[in-house]
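Chain by chain, the residues:
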Amino acid sequence: MMASSYNAKDEDGHHSGSVSHGGAGTAKSKKPDNTAFKQQRLPAWQPILTAGTVLPAFFVIGLIFIPIGIGLYVTSNNIKEFEIDYTGVNVDSPCYTCANNFSWNSTTSCSCTVNFTLEQPFENNVYMYYGLSNFYQNHRRYVKSRDDRQLNGDATALKDPSNDCEPYRKIGVETIAPCGAIANSLFNDSLELYYVEPSGALNAVPLAKKGIAWWTDRNVKFRNPAGVDLPTAFKGTAKPVNWRKPVYELDPSDPDNNGFINEDFIVWMRTAALPTFRKLYRIIHKNQSSTSTLPSGRYVLNITYNYPVLSFDGRKRMILSTISWMGGKNPFLGIAYITVGSICFFLGVVLLIIHHKYDTRSNSADIPN
Amino acid sequence: MLSRPSLLLCEKKKEERKVKANDREYNEKFQYASNCIMTSKYNMLTFLPVNLFEQFQEVANTYFLFLLILQLIPQISSLSWFTTIVPLALVLSITAVKDATDDYFRHRSDNQVNNHQSQVLIRGSLQKERWMNVRVGDIIKLENNQSVVADLLLLSSSEPHGLCYIETAELDGETNVKVRQSVSVPAELGDPNNLATFNGEVVCEPPNNKLDRFCGTLYWRDKKYPLTNQNMLLRGCVLRNTEACYGLVIFAGPDTKLMQNSGRTKFKRTSIDRLMNTLVLWIFGFLVCMGVILAVGNAVWEKEVGSLFQSYLPWDPPVDNFLFSAFLSFWSYVIILNTVVPISLYVSVEVIRLGHSYFINWDRQMFCSQCNTAAEARTTTLNEELGQVEYVFSDKTGTLTQNIMSFNKCSINGQAYGKGTSREKNTLDFTPFNPLANPDFCFYDEKLLESVKVGDWHSHEYFRLLSLCHTVMSEEKSEGELVYKAQSPDEGALVKAARNFGFVFRSRTPGTITTTELGRTVTYSLLAILDFNNIRKRMSVIVRNPAGRIRLYCKGADTVLLERLHPCNQELMTITSDHLNEYAADGLRTLALAYRDVSEEEWEVWSESHRSADKAVDCREDRLAAAYDKIEQDMMLLGATAIEDKLQEGVSETIALLSLANIKVWVLTGDKQETAVNIGYSCKMLTDDMMEVFTISGRTVQSVRQELGSASFPGNGFREGQEGDGVAGDDQLQGSPCPLPPTYLMDNISGEFGLIINGHSLAHALEADMEVEFVSTACACKAVICCRVTPLQKAQVVELIKKHKKAVTLAIGDGANDVSMIKSAHIGVGISGQEGIQAVLASDYSFAQFRFLQRLLLVHGRWSYLRMCRFLCYFFYKNFAFTMVHFWFGFFCGFSAQTVYDQFFITLYNIVYTSLPVLAMGIFDQDVPDHRSLECPKLYEPGQLNLLFNKKEFFICIAQGIYTSVVLFFMPYAVLSNATQSTGVPLADYQTFAATTATALVIVVSVQIALDTGFWTVINHVFVWGSLGLYFTIMLALHSQTLFRIFPKQFHFVGCAQSTLLQPVVWLTIALATAICIVPVLAFRFLKLDLKPQLSDTVRTHLRKPAESRLGARGGSRSGYAFAHQEGFGELITSGKNMRLSSLGLASFASRHSSSWIETLRRKNTPPKEPCSSFL
């Protein structure tokens, strides 16, 4: 690490002479270059936190943040959101039976119906979410338990998925497609929404199942393995343990929505950051007619209850929400902006007072020698 | 003290070394080292394993290797392997490249040395041989001005009496020529033919590093000859004034004393280093705590939730209960949280220091154009310590002074001449008047020349004295080309002055002195030299002029000389004393000159008494002194000389500036007390404004204790009157807590006293029972001068202060006698370009002039400290802000050690996204411009008090980091958990969350560095904006479809960047988080600046009127005298031993007291009480 404390130059006798050693042999000045960089004289901007810069900054931040906050708050308040928990924890809740009599082996599905009323009509596109609570999609072992190569349609990975998928990698000799804990725990409740006409008739609300996933996920990240058709492509693979049907039969109604590119599947595979999360389930597109997308009134939510969450004290919700430019209902952001803006403004005032009252700089301007 | 171990070694039969001359076969049996020198560490093959082995001896590297191994366990691995291996590999390879370059240069210099040519006597003939092929037992021929190949036993020399002259500058830094003599008997081995058959055997001590000791025996022809250091020529010396000599190689290559002395220097660490290491340990403790908390959390979670969640997420196979899972999760968290102390910390610190070192090397204002030497930072590890120095220990000769004496003023017969040195006045031109004049000589008063020209008797006698009364040797290579070899520079200056004024000393023999007096050659017969010594403080010569008159010429310290004058001189004496005082007040070294006519009878009587005293067996010295004393009486005063011991340029300004910066300067010198005090005054260390200057020169424990006691007494008494200074003292105490209450009291009174302590008193003062007292007294004094100190004592003084004051010490020196102090001080500075290179080799910084010290400390040191502190504060902050987010996330992900960020972000955060701006700040930041910190030395104080980075500052940074991490996690958490894109897709998916947090983090720390950076150069702009740009570019690239298609598994964040960065909510979140993180900091800093501005802030805001220079007042009346040479040379001259036979012409007298003078010289050269005055 340290320089050798002994070298040839030292023994030659003419130490520290003006003749430079080993160089071109000419007596050349060792005077360092007179460049601004080497002499540390680079032109520089030297900002100082003076009252003239800091105090206006506080007021400006305040003046920017408060209007933004108000705007956000108002926008957020205009968004309509409806949320209903259908887990079936209580005895009197409609899904209590389904929730408590769940068994993984049952071949018949259990259904339950939840009635609810929308006080206000929902305009424009309405988005339908399912929400899960206490579900740790962000657990390290869960997050990594997937094989993106397999999901990208890689043939070798389909047959021999990554070890990350353990213990949902193989059943016997057959590999699981899609492998891993995330895929295995795919949310498979089906929700159907009916509008109860004033007449009492049930009017099914059209739920679009396309366009709920990220474009890149649908078009880049997830791809079906090559093959004549999906069953051939997935030949030799097993369905995940918890699934009732293989991956290529996820959406019987739309052949393009099957296999790894099934959007419900893709949405599920995009793991949530927090244990309480919601995922987009369906979109209720705006009617062409002038009526609201979801007029106020009574609705029936038909649930095919396949997904047990009670065992780990989880909760399931169905959420309906409209959307603005800033997304869904989010009162926090507006409030936070208003608060921070006000604090900045207030701080500015306080600092201004302090500055005027206790300013010592004019007294101590002289540099003590 | 030194002699004992080597004597013991000598007595040990087993460890002795046997060397037989001209017998390689015999010598090979012992397998002595050859003369090949290898300072390099690696070769091609061994580089990789050895270097890696060395690198992994660093705790940090091993730690990261350990983490890497942990990550290979799939159950633990919370990060991919590359997040650790990339930085580690980067660090290892950077270090390896650096080591390899260093080693390459070592190889090159080794080769250069090893391939020098030397003449070896092989089978009776001289052959050219490379240095590396020289073997122990070979006989080597050396010629004038060649450097010595290996440690040689001098066998014969071309000079009479087997003498040869060497310069030992490389070894000990002393440039004066030293004498060596060959072993007495083989001196007859004059020519190579005899030497070829020489087969003596040397038995001596094994290799050691003691430069001034050698003991051994030469066995030849059944006789034993004792060998001492006087017979040795050591490697590194240079042969001077000797045509040729032959030597027997005793030690070669690595066994030579030079190489034994160039051992690896102690690895120095800065206090910031030590603090950093402590903090890193604390952080590790903190890391373990966090790990434990999260592991406990994991246990609880796995028990309460995880075990129930198993239908969706079963435990990994080896995990069968929550406790084992918690154990694994502990290690997982250790891995992901280890970034609180990233490996890049150490690398960045190294890079910053390297940058600072380059700035030192590049500084034109520390370049000395006379000697073409730039400042050099020889170690790159100490820069910031330069900003914390409290004590400077300085050597005198060659460091404060140029070691050049110039005849500056004189007083002849009551008439003062000389106007001092000034560039406005014209120097006298001697050439028309005196062809032998030396053009280098400068004098500024034409009156003196006039008086010589008109034939003023006193002026003539004055210069005659100067041309006769000295021990200078002359060498006249061709007519008129005179070279004087003076033992002391003072004498040289005087003789040179006489020469220019027409009294040219031409040559001398043991009995005569030949001069040219105003063009006329005169030969005086030299009757006696009454040599100089420390007690006599004078020297005289007794000469008989061609007319036959005997006259004694005497020069000496005024104190001694003036009391020996004839009473009739009273009036002249008063005038001359006034002049002397005047000169002394100017810091000049003075000598008084006098003569006395001696009658023939008186001479007869005296020379008889002198001869008997000379021959006396016991008390020879005393009797000689008494004899001298007898004749040096009733002298007639001629005048006085004033010699300027030229201070280096800007020394007094520098010392004044340093003391204004609260740095205490101690002068440690081997010089005499008078000289040292003189210099103390002339460089304004000591001033007449001082309350008192204590002198401690006692020779016994009691007297030293008493003197110390009396010195500290008035100090204590004075304390009450110094209330104003008490505040400063208190401040200082906080910075360097002193364990000793007396010292605390003493600190309060600093500034008004000076202390001068002698070497022999220092020996007592440094003993354990008195050192506390000494330290407290000495630290109470503003200036401390230790004179007559040995190199060892220099080091002891430094160690003492290190031990008792916990202050940063800096030692500056130029000679080998300073090496020990340079090595023991926190920072060693070597003055390069003057004397030997030994001090420079041992130093950490070197430059050519003392005055550069102010720039090194007040500018470079201060900046380095500031930059390093700012760097460390920010670095710890940014890593806590980065890492602690994982901790908070742990509570929401089942304590599963899931990272918040993308793996690539974790890998690149420290080495790409945030490294360059902070590096730029650490390298380029300036709070005030350089001239400001020189104008306002008080700016140096924060470093001494360690204000900018200490434990408190560290905790503030950590707290800020943790606060930031809280904001960075919980703001996205609060906003995103319910937010959706404008397409309705929720934003709370893991990847969006990761991207948002990461972006917010990068922006927040960038804003923070922008706030911290006080000096925005182009580079800072490029780095700050570039890092931000780079972050987004890399993020978009990593999340791109192309990379995903190639490596779907690694780049599964595909599309995340576009999707996230297009969301207004994400940007609103980032802006919110940034505001919440930065606004409090901004408010806090503004308040601090507004209410309690630091001095640097004030200076920064008011960059206006330049401060006027503040130099101390002129001194009053003091007296000092010049005589720096050693005694013994008079004897050397009269014995004629150092004269060349050729120039002498007569060989007859040589036999008289053959080797007795050498004995005397040897005895005097290494006086038992002061082993320092001359090493060899």
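Residues numbered from 1 in each chain as written. Chains lettered and ligands numbered in written order. Predicted model: local features only at pLDDT ≥ 70, side-chain atom pairs only at ≥ 80, totals over all residues. Heavy atoms only, no water.

### Here's the deal with the side chain of B:Asn35
- Turning to its location among the elements, B:Asn35 is positioned in the loop between helix H2 (24–28) and helix H3 (47–55).
- Discounting residues that sit within four places of it in the chain, B:Asn35 has contacts with B:Asn114, B:Trp131, B:Met132, B:Val134, B:Val149, B:Ala150, B:Arg235, B:Ala252 and B:Gly253. (Helix = DSSP H or I, 4+ residues; strand = E, 2+ residues; numbered from the N terminus. Contact = heavy atoms within 4.5 Å.)

### Considering the interface of chain A and chain B
- Each partner contributes to the interface: chain A provides 114 residues, whereas chain B provides 138 residues.
- The junction of chain A with chain B conceals about 11200 Å² of combined surface from both sides, 62% of it contributed by carbon and sulfur atoms.
- For the pair chain A and chain B, the interface holds three salt bridges.
- B:Asp989 is the partner of A:Arg270 in a salt bridge, and the nearest nitrogen-oxygen pair spans 2.7 Å.
- Run the count over chain A and chain B and you get 26 residue pairs in polar contact (both at pLDDT 80 or more). (Buried area = accessible area lost by both parts, 1.4 Å probe. Salt bridge = Lys/Arg side-chain N within 4 Å of Asp/Glu carboxyl O. Polar contact = N/O pair within 3.5 Å; in protein donor to acceptor, adjacent residues only side chain to side chain.)

### Quick look at the packing of aromatic side chains
- Enumeration according to the criterion identifies 94 aromatic pairs over all chains in this entry.
- Arranged with centres 5.7 Å apart and planes meeting at 75°, the rings of B:Trp457 and B:Tyr595 form a pair that is edge-to-face. Residue B:Trp457 is located in helix H13 (residues 457–468), and its partner B:Tyr595 is located in strand S25 (residues 589–598); the two are separated by 138 residues in the primary sequence.
- Judged by its relative accessible area of 9%, B:Tyr595 is buried.
- In this structure, A:Arg270 is placed above the aromatic ring of A:Trp214, and the distance from its NZ or CZ to the ring centre is 3.4 Å.
- In this structure, B:Arg17 packs its charged tip against the face of B:Tyr32, placed 3.9 Å from the ring centre. (Phe/Tyr/Trp six-rings, centres within 6.5 Å; stacked < 30°, edge-to-face > 60°. Buried < 20%, exposed > 50% of the residue type's maximum accessible area, 1.4 Å probe, protein only. Lys NZ or Arg CZ within 6 Å of the ring centre and 35° of its normal.)

### Here's the deal with the UniProt feature "transmembrane region" (unreviewed entry) in chain A
- Here the UniProt feature "transmembrane region" (unreviewed entry) sits at residues 48–74 and 332–354 of chain A.
- Between the end C-alpha atoms of residues 332–354 of chain A there is a gap of 32 Å, over a span that is 100% helix and 0% strand. (UniProt positions renumbered as here; feature names shortened; annotations may be inferred.)

### Notes on the sheet that holds strand S28 (residues 692–696) of chain B
- The mixed open sheet is built from nine strands, whose spatial order is S14-S33-S32-S31-S15-S27-S30-S29-S28 (chain B). Two strands bound the open sheet, and with one partner strand each, they are strand S14 (376–377) and S28 of chain B. (Pairing = 2+ DSSP bridges.)

### Here we look at the pattern of salt bridges
- Tallying each qualifying case throughout the model produces 49 salt bridges over all chains.
- Ionic pairing is found between A:Arg169 and A:Glu166, a salt bridge with its closest N-O pair at 3.8 Å.
- The partly exposed category is assigned to A:Glu166, whose relative accessible area is 38%.
- B:Lys794 is the salt-bridge partner of B:Asp395, the closest N and O atoms lying 3.2 Å from each other. One end of the pair, B:Asp395, is in the loop between strand S15 (389–394) and strand S16 (401–412); the other, B:Lys794, is in helix H26 (residues 791–805), and 399 residues separate them in sequence. The exposure classification of B:Asp395 matches that of B:Lys794, with both residues buried.
- Counted as one network, the salt bridges with shared partners bring together B:Glu461, B:Arg464, B:Glu517, B:Arg549, B:Arg551 and B:Asp597.

### A closer look at the domain arrangement of chain A
- Domain annotation of chain A identifies domain 1 (51–78 + 329–357) and domain 2 (80–322).
- The straight-line distance from the C-alpha centre of domain 1 of chain A to that of domain 2 of chain A is 42 Å. (Domains from an automatic or database assignment.)

### Some words on the pairing of strand S8 (residues 201–204) of chain B
Residue and element names in this part refer to chain B.
- Here S8 shows two buried faces, one formed by Glu201 and Val203 and the other by Val202 and Cys204.
- Strand direction decides the pairing type here: strand S1 (residues 17–20) and S8, joined by four bridges, are antiparallel. Bridge assignment links Lys18 to a residue of S8, and that residue is Val203.

### Considering the confidence of the model for chain B
All names here are of chain B.
- When the pLDDT values of chain B are averaged, the result is 80; 85% of them are 70 or greater.
- Across residues 1140–1176, where pLDDT falls below 50, the model places 63 contacts with residues more than four positions away in sequence or in other chains.
- This complex was scored by the predictor with a pTM of 0.80 and an ipTM of 0.91. (pLDDT = per-residue confidence, 0-100.)

### Focus on helix H11 (residues 331–358) of chain A
- The terminal C-alpha atoms of H11(A), which comprises 28 residues, lie 40 Å apart, in line with the 40 Å expected from a rise of 1.5 Å per residue.
- Every buried residue of H11(A) is accounted for by A:Leu333, A:Gly334, A:Ala336, A:Tyr337, A:Val340, A:Gly341, A:Cys344, A:Gly348, A:Leu351, A:Ile354 and A:His355.
- Packed against the buried residues of H11(A) are helix H2 (51–78) of chain A together with helix H34 (951–976) and helix H39 (1064–1091) of chain B. (Expected span 1.5 Å × (residues − 1).)

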